[in-house]
Amino acid sequence: MDLEELPGVGPAIAEKLREAGLNSLEAVAVASPAELVETAEIGEATAAKIINAARKAANIGGFETGDKILERRKDVGRLSTGSKSLDNLFGGGGLETQAMTEFYGEFGSGKTQIAHQLAVNVQLPVERGGLDGSAIMIDTENTFRPERIKEMVEGLKGEGEGAGEGVGAELDYEEVLKNIHIARAYNSNHQMLLVEKAGELAEELKKKGAEKPVRLMIIDSATAQFRSEYVGRGTLAGRQQKINKHLHDALKFADLNNAVVMITNQVMVRPDAFFGDPTRPIGGHIVGHTATFRLYLRKSKGEKRIARLVDSPNLPEAEAVFSVSKVGIRD
Ligand code: GTP
Ligand code: MG
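Residues numbered from 1 in each chain as written. Chains lettered and ligands numbered in written order. Predicted model: local features only at pLDDT ≥ 70, side-chain atom pairs only at ≥ 80, totals over all residues. Heavy atoms only, no water.

**Things to note about the nonpolar core**
The biggest cluster of nonpolar side chains holds 38 residues, and the ones touching the most others in it are Ile-114, Leu-216, Met-262 and Leu-295. Ranked by residues supplied to this core, first place goes to helix 7 (residues 111-121) with five residues. In this view, Met-262 contacts Leu-95, Thr-101, Phe-103, Lys-111, Ile-114, Ala-115, Leu-118, Leu-216, Met-217, Ile-218 and Ile-219; residues no more than four positions away in its chain are not counted. Formed by 27 residues, the second largest nonpolar core is a distinct cluster that contains Ala-202, Leu-205, Ala-222 and Phe-253. (Core = buried A, V, L, I, M, F, W, Y, C linked by side-chain atoms within 4.5 Å. Buried < 20%, exposed > 50% of the residue type's maximum accessible area, 1.4 Å probe, protein only. Helix = DSSP H or I, 4+ residues; strand = E, 2+ residues; numbered from the N terminus. Contact = heavy atoms within 4.5 Å.)

In structure tokens form, the structure reads like this:
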């Protein structure tokens, strides 16, 4: 079915939608009315009508019975951050698989440090807070540091009863590095392509019967490339559309691989805020609605950081204090 077959969409409107990247029924179905109003220069009511029709035609928003979902949730795994208090924000145990968790906050708030720690911890056995898996990291800011991984591995070795008997006693630094697959993303299109590639790599490892299948995908940062490439109001709808697709691809990865998807996001200062915290995450509601869990990180004294769970499907808003120390993320 073509866009032109949607009620209210003539050739001229279809053309405008395609130009803005809304080139399929699926894309229109998940667009917001405001986006359509802006890109196609139509009224709010027409926009809503078009979106509803696209949703029906694309079969988006279909039903699944609760027992099927419960069945799938039985497989949900947990990945520890290294900090009990931070893990507790997720209801204990850490980040969930089959979900996307967003960490947003200003520079130095610890987003990249948490990403490194998760890439190490995912390799631990399940009974030690890991997922016995490997990690994929899409590094858009060139901030991956193997040296930091080394410190974290050593940190895990030294914990527990006496040195060398920590939760990571069996980890080998070089093996750990081999189980972190890193790709630099040079621009937003490349970044989107890398999620596809991540899916292929995960599939390949599964087929080979790899000892450590991919159980974690990190995108650090998920939004920076988009932000720098799309400047000015005129291209905002196009940008949001792309971020939306990108994040949904990432979420699909989480489902297909029973994996944790962790993304980071910067904040910008809202010039019109008179009260409260003037910062807000980039990407606005598009990122917010796609991420299953959203955490806001703030700097505190020295190594201390404060994390606030601002959005989750079944947990209350809550705060936790953790620290970024030499050995990694800890209470
Ligand atoms: P942006 O990417 O710039 O938005 O920031 P971010 O949130 O990713 O910050 P990141 O995770 O890189 O945190 C950087 C902070 O972590 C530094 O300011 C340090 O406080 C801390 N940090 C980084 N490396 C080390 C380390 O080796 N030892 C210790 N103790 N702290 C570190
Ligand atoms: Mg960073």
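And the narrative resumes.
**A few points about the side chain of Ser-188**
Examined against the element boundaries, Ser-188 turns out to sit in helix 10 (residues 188-207). Here Ser-188 falls in the buried class, since its relative accessible area comes to 1%. Not counting chain neighbours up to four residues away, the residues in contact with Ser-188 comprise Gln-225, Phe-226, Glu-229 and Tyr-230.

**Description of the site of ligand 1**
Around ligand 1 lies a shell of 17 residues, among which Gly-108, Gly-110, Lys-111, Thr-112 and Gln-113 are the nearest. Gln-113 is positioned with one of its backbone polar atoms (N or O) 2.8 Å from an oxygen atom of ligand 1. Separating an oxygen atom of ligand 1 from a side-chain N or O atom of Arg-305 is a distance of 3.2 Å. When the free accessible area of ligand 1 is taken as 660 Å², the share hidden by the protein chains comes to 67%. Those elements giving two or more residues to the shell around ligand 1 turn out to be helix 7, helix 8 (146-157) and strand 12 (318-325). If one sorts the elements of the shell around ligand 1 by residue count, helix 7 sits on top with three residues. Among the residues making up the shell around ligand 1, the classes are represented as two nonpolar, seven polar and eight charged. (Near = heavy atom within 4 Å. Polar contact = N/O pair within 3.5 Å; in protein donor to acceptor, adjacent residues only side chain to side chain. Areas by Shrake-Rupley, 256 points an atom, 1.4 Å probe, with all protein chains shown as cover. Nonpolar A, V, L, I, M, F, W, Y, C, P; charged D, E, K, R; others polar.)

**Looking at the packing of helix 3 (residues 33-40) against helix 12 (residues 236-256)**
To describe two helices that pack against each other, one gives the angle between their axes and the distance between the axes. Direction vectors running N to C along helix 3 and helix 12 enclose 135°, while the axes themselves pass 9 Å from each other. As judged from the angle between their axes, helix 3 and helix 12 are oblique. In the packing of helix 3 onto helix 12, the handedness of the crossing is left-handed. Contact residues: Glu-35, Glu-38 and Thr-39 in helix 3; Ala-237, Gln-240 and Gln-241 in helix 12. (Axes fitted to C-alpha atoms, helices over the stretch in contact; angles between N-to-C directions. Parallel < 35°, antiparallel > 145°, perpendicular 65-115°, else oblique. Left-handed = near helix turned anticlockwise from the far one by under 90°.)

**Regarding the sheet that holds strand 10 (residues 293-299)**
As summarised here, the arrangement of the nine strands in space is 5-4-6-7-3-10-11-12-13, forming an open sheet in which the pairing is mixed. Both edges of this open sheet fall to strand 5 (180-184) and strand 13 (328-330), since each of them pairs with a single strand only. If you compare each strand with its neighbour and ignore which way they point, the axes differ by 25° on average. Strand direction decides the pairing type here: strand 4 (residues 134-139) and strand 5, joined by five bridges, are parallel. Bridge pairing links Asp-139 to Arg-184 in strand 5. Packed on one face of the sheet, helix 8 meets strand 5, strand 12 and strand 13 and runs near 45° to strand 13. (Pairing = 2+ DSSP bridges.)

**Comments concerning the domain arrangement of the protein**
Here the protein is described as being made up of domain 1 (3-58) and domain 2 (72-330). Relative placement of domain 1 and domain 2: their C-alpha centres are 33 Å apart. With ten residues of domain 1 in contact, the opposing surface of domain 2 contributes eight residues. Taken over both partners, the interface formed by domain 1 and domain 2 buries close to 590 Å², and the fraction arising from carbon and sulfur atoms is 45%. Interface area lost by domain 1 to domain 2 is led by Val-30, Glu-35 and Glu-38, which between them contribute 64%. (Domains from an automatic or database assignment. Buried area = accessible area lost by both parts, 1.4 Å probe.)

**Examining the packing of helix 10 against helix 12**
Where helix 10 contacts helix 12, the axes come no closer than 9 Å and their chain directions differ by 10°. By the criterion of interaxial angle, the relationship of helix 10 to helix 12 is roughly parallel. Within the contact between the two elements, helix 10 uses Asn-189, Gln-191, Met-192, Val-195, Ala-198, Gly-199, Ala-202 and Lys-206 and helix 12 uses Lys-242, Lys-245, His-246, Asp-249, Ala-250, Phe-253 and Leu-256. Its residues assigned to classes, the contact of helix 10 with helix 12 comprises seven nonpolar, four polar and four charged.

**Observations regarding the packing of aromatic side chains**
This model, assessed by the stated rule, comprises two aromatic pairs. Ring centres 5.6 Å apart and planes at 70° place the aromatic pair Phe-90 and Phe-293 in the edge-to-face group. In this pair, Phe-90 is assigned in the loop between helix 6 (84-89) and strand 2 (95-96) and Phe-293 in strand 10, connecting sequence segments 203 residues apart. Comparing Phe-90 with Phe-293 shows no difference in burial state: the two are buried. With a centroid separation of 5.0 Å and an interplanar angle of 15°, the aromatic rings of Tyr-104 and Tyr-296 are classed as stacked. With Tyr-104 in strand 3 (residues 99-105) and Tyr-296 in strand 10, this residue pair connects regions lying 192 residues apart in the sequence. Tyr-296 shares its class with Tyr-104; the two are buried. The lysine or arginine in question, Lys-299, covers the ring of Phe-107, its NZ or CZ lying 4.0 Å from the ring centre. (Phe/Tyr/Trp six-rings, centres within 6.5 Å; stacked < 30°, edge-to-face > 60°. Lys NZ or Arg CZ within 6 Å of the ring centre and 35° of its normal.)

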